[in-house]
Amino acid sequence: MRTDIAQTVRLEDYRPSDFLIDRVDLDVRLHPTATRITATLSLRPNPKGRADAPLTLDGDEVSLKAVALDGRALPESEFEASPQSLTITQPPRGPFTLTIETEIDPTSNTKLMGLYRSSGNYCTQCEAEGFRRITYFLDRPDVMAVYTTRIEAERDEAPVLLGNGNRVEAGSLEGTSRHYAVWHDPHPKPSYLFALVGGRLGRVAKSFTTMSGREVELAIYVEPGKENRADYALDALERSMRWDERAFGREYDLDVFNIVAVSDFNMGAMENKGLNIFNDKYVLASPETATDADYANIEAIIAHEYFHNWSGNRVTCRDWFQLCLKEGLTVFRDQEFSSDERSRPVHRIAEVKTLRARQFLEDSSPLAHPVRPIQYREINNFYTATVYEKGAEIVRMLKALIGPADFRRGMDLYYERCDGTAATVEDFLAAFADVTGRDLSHFARWYAQAGTPRVTVKGTFDAAARTYRLDFTQETPPTPGQPTKEPMAIPVALGLVARDGSAIEAVSDRVNAEGVFVLDKASDSLTFTGVSAHPVPSLFREFSAPVKTILDLSNEELLVLLRHDSDAFNRWQAAQTVAMRLLAARSTGKAIADSDVADLATALRAFMETDALGDPAFAALVLTLPSEADIAQDIGRDVEPDMIHRARKEMRRRIGQACIETLRHFRDSLSATGAYSPDAASAGRRALRNASLDLLAAADAALGETLAREQFETAGNMTDRLAALSTLMTLPGDAREAALARFEESYRDEPLVLDKWFTLQAMIPEDGTLERVKRLMEHPGFSMNNPNRVRSLIGSFAMLNQVQFNRQDGSGYDFLADIVLRVDELNPQLAARLLTSFSSWRMMETKRRTHAKSALSRIAGKPNLSRDVSDIAARSLAEQQGQ
Ligand code: 0A1
Ligand code: ZN
């Protein structure tokens, strides 16, 4: 375990490195338990650094075998070495070469950082601080070098050898069973983008010609025998490359682009230069094993990693505080790509659902932090929804504020100025300020201030004056370390809707050509003139800002928006708001009028009868009520998960019964014809059909069970089969257990499919689920060492099963605490992620809160915790100022 537990890194303490590394030559001799690395580093003092500083290189669990300076072996008196660092006390004052030999054990590397093994193959993960687990290095993103890597291995064990950049040489070692390959990457890069792979892998490939005529060989490497499951990923890669050329004028810059899928990976994927390494869940797909959602995720993540080649690799981050510079921007870019490839409104709704479920939750929790944090103890804990998803929303707002043409000009200027450098958020904003001549310093607050702003809006119609006034106020709640807040610059895209659906030609000089009003004060108002009848305002169209809104609209007015708004996002939002009001009231024991539920059901039925088939994917979203976790967040305090569960179930029953004929019709008429295709239109039809099945089952359990069983047996693809099984999960009894057994029998040799089986069972909202989860941990397909398995079973239980994780007897919390402590010994990053499922603990009612606090305290009190887990535990428990 690391010993520097309490050390805090602060943005304000940033200073340039005292030394720079221009070239790195690596010689890696792969061996299962004793891999040897010889690193030859070309160093020089940094003119921007301190003049007489020693040279201290970072290390982490590496064993030093030898060190030489300019070819002279260094005696022990001239350096200090520990597994965590290597210091040359009196380095030369000019350029010099340091040769370091280290040894590491990839087989026992269960942290999956640095060089490790997955299914016998060798692979690496270096972001954020994994390179120091391979050799001693200035392991910080502003030290950028040109790498040449020679990889040597047993030919039998690792016939495929891959590195960053282009392959420049390969051959056998005469008279031995070993072979080697040499890779050279001409683009200077930080160490976190280093990668190598050695293993037995199958390959699919395709060639691609970039817009300027460069020939690139695209290849995806997978477990042998699964090559045909990589076709969709390869196609998504080609489409991503084309899109970046079209949308941003960015083309690829090496002769090869390799992707390797591995089955043990802590995150989704990694953008290493020219050699992306992926969690195989985000590469492998076939109609029989992957759902529509899997296909969409693969497309998005392939795009995300590819787009990093410019936003992240060509322009990287000066330090880890600037993580959103690459991640927020790249998420924005992959979201735009998916929106262009699929339905924009449907994709936007999906993005917002994720943002609210993950980022708003984080923002209201003890783990809240600014998009650009100002301090951290463990950087791995900052790969968060705030940095990624809120980071993307900031870029989206910037585009809304300055318009698409200036946004593109700003992006071009940013790339032109910062190409080949390690940049900051200030560099990014300066490009847009310079192309528009605007002062973006107020806007920059979005990077610094944590918490979700709350915007309250009131509308006043004056019939005599024919005006309609909107009064806005905003406030942002306190978050850790930030008790008081400043107003934010909030773009409000808006319009007015007449109650009969006709267009309203109202004007206001506060609204720009794109229909956006900017709220940048604590309160402000705007008046429309020429308004002949009382309108319904449609605010935050397309979710123009990551804020919570409190509207003074009646349910009836919201249902006007569901029917008539030209903005699809707000049609969906209107139905969600009405449902949420009713659900939150019911879940807190407040009476609601029966007629209110009936009105919502009637409006949904009307929507389905007239509009649903025009865009089935959109209709499926409208039919889906806010989740139990969404409702808990809306209530915000003294939450009783069982009441929420009952309220939601009851409302689904009522809506299902009111719409039963239409649901039946959709379920029967939207059947697939022909072969499965993952395209958005086909997926949309399946989504509506399966949402209909699920609501039918809520309305009539016997009918639901019959239909779901039949669909489970006859489904021609995994989307429909899993949807049927998921509906059966809501219906306790023999049919459910029999279907689960059948599924296990069919897919026990398909780990990624078995993960879905683990997840569905972990989510069953009934007593007995915790025992089921414990039993499943003994299943031969489960492994505590594999992050996908742990996340599917235990992560799903803790994050997606509101009632059983938050059991009033505290057993859900105790279980998770035990698991976190066990996993921490193997894989601290995974353990810390699991622990974030406590982020809603403070909003629970007293009994649950007490149990959660004691489970967290038990974790925090354990000696020898990893830095990852101790950081999350301590922040989760900290008393918050001003809250
Ligand atoms: N940069 C990657 C995410 C990533 C971060 C840390 C990792 O360490 C285990 C792995 C991947 C991305 O944004 O896709
Ligand atoms: Zn990323």
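Please refer to the structure placed before this passage.
Description of the structure in this document.

Criteria and cut-off values
- Throughout, residues of each chain are indexed from 1 in the direction in which the sequence is written.
- Each chain is given a letter, starting from A, and each ligand a number, starting from 1, according to the order in which they appear as written.
- Owing to the predicted nature of the model, reporting of local features is limited to residues with pLDDT of at least 70; listing and counting of side-chain atom pairs is limited to 80 or more, with chain, interface and lining totals taken over all residues.
- Only hydrogens and water are set aside; all other atoms, that is, all heavy atoms of the structure, feed into the side-chain values.
- We define a salt bridge as a side-chain nitrogen of Lys or Arg found within 4 Å of a carboxyl oxygen belonging to Asp or Glu.
- The way it works is that DSSP assigns letters per residue, a run of H or I at least four long becomes a helix, a run of E at least two long becomes a strand, and they are numbered from the N terminus.
- Think of it in three bands: residues with accessible area under 20% of the maximum for their type are buried, residues over 50% are exposed, and the middle band is partly exposed, with areas taken using a 1.4 Å probe on protein chains only.
- Nearness is judged by heavy atoms alone; a residue qualifies as near a molecule or strand once a single heavy atom is within 4 Å of it.
- Counting of polar contacts relies on pairs of N or O atoms within 3.5 Å, with two restrictions inside protein: one atom must be capable of donating a hydrogen and the other of accepting it, and residues adjacent in sequence are counted only when both atoms are side-chain atoms.
- Here, Shrake-Rupley sampling with a 1.4 Å probe gives the accessible areas, and only protein chains in the shown set may cover a residue.
- When residues are grouped by polarity, Ala, Val, Leu, Ile, Met, Phe, Trp, Tyr, Cys and Pro land in nonpolar, Asp, Glu, Lys and Arg in charged, and all others, Gly among them, in polar.
- Patch definition: residues with relative accessible area over 30% and no salt bridge; like charges joined within 9 Å; nonpolar side chains (Val, Leu, Ile, Met, Phe, Trp, Tyr) joined within 5 Å.
- Residue contacts follow a heavy-atom distance rule, with two residues in contact if any of their heavy atoms lie within 4.5 Å.
- Two strands are counted as paired when DSSP detects at least two bridges linking them.
- In this analysis, axes come from line fits to C-alpha atoms, helices being fitted only over the stretch in contact, and the angle between any two N-to-C directions falls in the range 0 to 180 degrees.
- Given a helix with a known number of residues, its expected span is that number minus one, times 1.5 Å.
- Seen with its strands pointing away from the viewer, a crossover is right-handed when the path leading from the first strand over the helix to the second is clockwise.
- Nonpolar cores are built from buried Ala, Val, Leu, Ile, Met, Phe, Trp, Tyr and Cys residues. Side-chain atoms within 4.5 Å join them into one set.
- Any N, O or S atom lying within 2.8 Å of the metal counts as a donor, and for Na, K and Ca the limit rises to 3.2 Å; water is left out, so some sites can look incomplete.
- For four-coordinate sites, all angles between 85 and 135 degrees define a tetrahedron; for four- and six-coordinate sites, opposite donors beyond 155 degrees with the remaining angles between 65 and 115 define square planar and octahedral shapes respectively, and all other cases count as irregular.

Things to note about the pattern of salt bridges
Line of reasoning, step 1. Under the criterion given, the structure shown has 90 salt bridges.
Line of reasoning, step 2. Note that Glu-336 is salt-bridged to Arg-396, the shortest N-O span being 3.3 Å. On the criterion of sequence distance, the pair formed by Glu-336 in helix H3 (residues 323-341) and Arg-396 in helix H5 (residues 385-402) is long-range, its members being 60 residues apart. Residues Glu-336 and Arg-396 agree in their burial class; the two are buried.
Line of reasoning, step 3. Taken together, the shared-partner salt bridges in this structure form one network comprising Glu-336, Asp-340, Arg-344, Arg-348, Glu-351, Glu-393, Arg-396 and Lys-399.

Notes on the site of ligand 1
Line of reasoning, step 1. Close contacts around ligand 1 come from 16 residues, with Glu-127, Glu-271, Glu-305, Glu-327 and Tyr-388 the closest.
Line of reasoning, step 2. Within the side chain of Glu-305, an N or O atom sits 2.6 Å from an oxygen atom of ligand 1.
Line of reasoning, step 3. Side-chain polar atom of Lys-326 to a nitrogen atom of ligand 1: 3.5 Å apart, as the coordinates give it.
Line of reasoning, step 4. The fraction of the free accessible surface of ligand 1 (370 Å²) that becomes covered by protein chains is 97%.
Line of reasoning, step 5. Class assignment for the residues of the shell around ligand 1 results in six nonpolar, five polar and five charged.

Some words on a nonpolar patch on the surface
Line of reasoning, step 1. The grouping of Met-763, Met-799 and Leu-800 at the surface amounts to a nonpolar patch, some 260 Å² of accessible area in total.
Line of reasoning, step 2. You can see Leu-800 is positioned in helix H22 (residues 787-800).

Some remarks on the environment of Phe-307
Line of reasoning, step 1. One can find Phe-307 in helix H2 (residues 292-307).
Line of reasoning, step 2. Sequence separation between Phe-307 and Tyr-252 is 55 residues, and the spatial gap between their C-alpha atoms is 9.6 Å.
Line of reasoning, step 3. Apart from residues lying up to four places away in sequence, Phe-307 is in contact with Ser-240, Trp-243, Asp-244, Thr-330, Arg-333, Asp-334 and Phe-337.

Focus: the sheet that holds strand E10 (residues 114-118)
Line of reasoning, step 1. Strand order across the open sheet formed by four strands is E10-E11-E16-E13, with antiparallel pairing between neighbours. Among the strands making up the open sheet, the edge pair consists of E10 and strand E13 (160-163). Looking at each pair of strands side by side, their axes are set apart by 20° on average, direction ignored.
Line of reasoning, step 2. Judged from the five bridges that link them, E10 and strand E11 (residues 121-125) form a sheet pairing that is antiparallel. Of the residues in E11, the one forming a bridge with Gly-114 is Gln-125.

Section: the sheet that holds strand E19 (residues 256-262)
Line of reasoning, step 1. Spatially, E17-E18-E19-E21-E20 is the arrangement adopted by the five strands of the open sheet, whose pairing is mixed. For this open sheet the edge positions go to strand E17 (202-209) and strand E20 (269-270), each flanked by a neighbour on one side alone.
Line of reasoning, step 2. Examined bridge by bridge, E17 and strand E18 (residues 215-222) share eight bridges and lie antiparallel to one another. When the sheet's bridge partners are listed, Ala-205 is paired in E18 with Ala-219.
Line of reasoning, step 3. In this fold helix H1 (residues 231-248) packs onto E17, E18 and E19, with an angle of close to 25° to the strand it touches most, E17.

Re H1
Along an α-helix, residues three or four apart share an orientation, since each turn contains 3.6 residues.
Line of reasoning, step 1. The terminal C-alpha atoms of H1, which comprises 18 residues, lie 26 Å apart, in line with the 26 Å expected from a rise of 1.5 Å per residue.
Line of reasoning, step 2. Check the buried side of H1 and you find it contacts E17, E18, E19, H2, H3 and helix H6 (404-418).
Line of reasoning, step 3. Of the residues flanking the end of H1, it is Gly-249, one or two places downstream, whose phi is positive at about 65°.

What about the pairing of E19?
In regular strands, side chains alternate between the two faces of the sheet.
Line of reasoning, step 1. The buried fraction of E19 is high, at seven of seven residues.
Line of reasoning, step 2. A two-sided burial pattern is seen for E19, the buried positions comprising Val-256, Asn-258, Val-260 and Val-262 on one face and Phe-257, Ile-259 and Ala-261 on the other.
Line of reasoning, step 3. A crossover connection joins E18 to the parallel E19 through H1; in handedness this β-α-β unit is left-handed.
Line of reasoning, step 4. Note that E19 and strand E21 (residues 275-279) share five bridges and pair parallel. Across the sheet, residue Asn-258 finds its bridge partner in E21, namely Leu-275.

Details of the nonpolar core
Line of reasoning, step 1. With 161 residues, the main nonpolar core has Val-283, Tyr-414, Phe-428, Phe-472 and Ile-490 as its most contacted residues.
Line of reasoning, step 2. Per element, the largest residue contribution to this core is nine residues, and it comes from H5.
Line of reasoning, step 3. Contacts of Phe-428, omitting those with residues within four sequence positions, involve Leu-325, Leu-329, Val-395, Leu-398, Met-411, Tyr-414 and Tyr-447.
Line of reasoning, step 4. Within the second largest apolar cluster, 121 residues are counted, among which are Leu-367, Met-608, Phe-618 and Trp-841.

Some words on the coordination of the zinc ion (ligand 2)
Line of reasoning, step 1. The zinc ion (ligand 2) binds to the protein through His-304 (NE2), His-308 (NE2) and Glu-327 (OE); the donor distances cover 1.9 to 2.1 Å.
Line of reasoning, step 2. Classification of the site at the zinc ion (ligand 2) rests on its four donor atoms, whose angles at the metal span 98 to 129°, yielding the label tetrahedral.
Line of reasoning, step 3. Between consecutive donor residues of the zinc ion (ligand 2), the sequence gaps follow H-x3-H-x18-E. Of this pair, His-304 sits in helix H2 while Glu-327 is found in helix H3, placing the two residues 23 residues apart along the sequence. As far as the burial class goes, His-304 and Glu-327 line up, both buried.

Some remarks on unusual backbone geometry
Line of reasoning, step 1. Look at the link from Glu-127 to Ala-128: it is a cis peptide, with omega at -5°.
Line of reasoning, step 2. The topology assignment puts Ala-128 in the loop between E11 and strand E12 (145-154).
Line of reasoning, step 3. The backbone phi angle of Phe-540 is positive, close to 55°, even though this residue is not glycine.
Line of reasoning, step 4. The residue Phe-540 is located in the loop between strand E31 (536-538) and strand E32 (548-551) in this model.
Line of reasoning, step 5. We classify Phe-540 as buried; its relative accessible area is 4%.
Line of reasoning, step 6. A positive phi angle, near 55°, is found at Glu-542, a position not held by glycine.
Line of reasoning, step 7. For Glu-542, the position within the fold is in the loop between E31 and E32.

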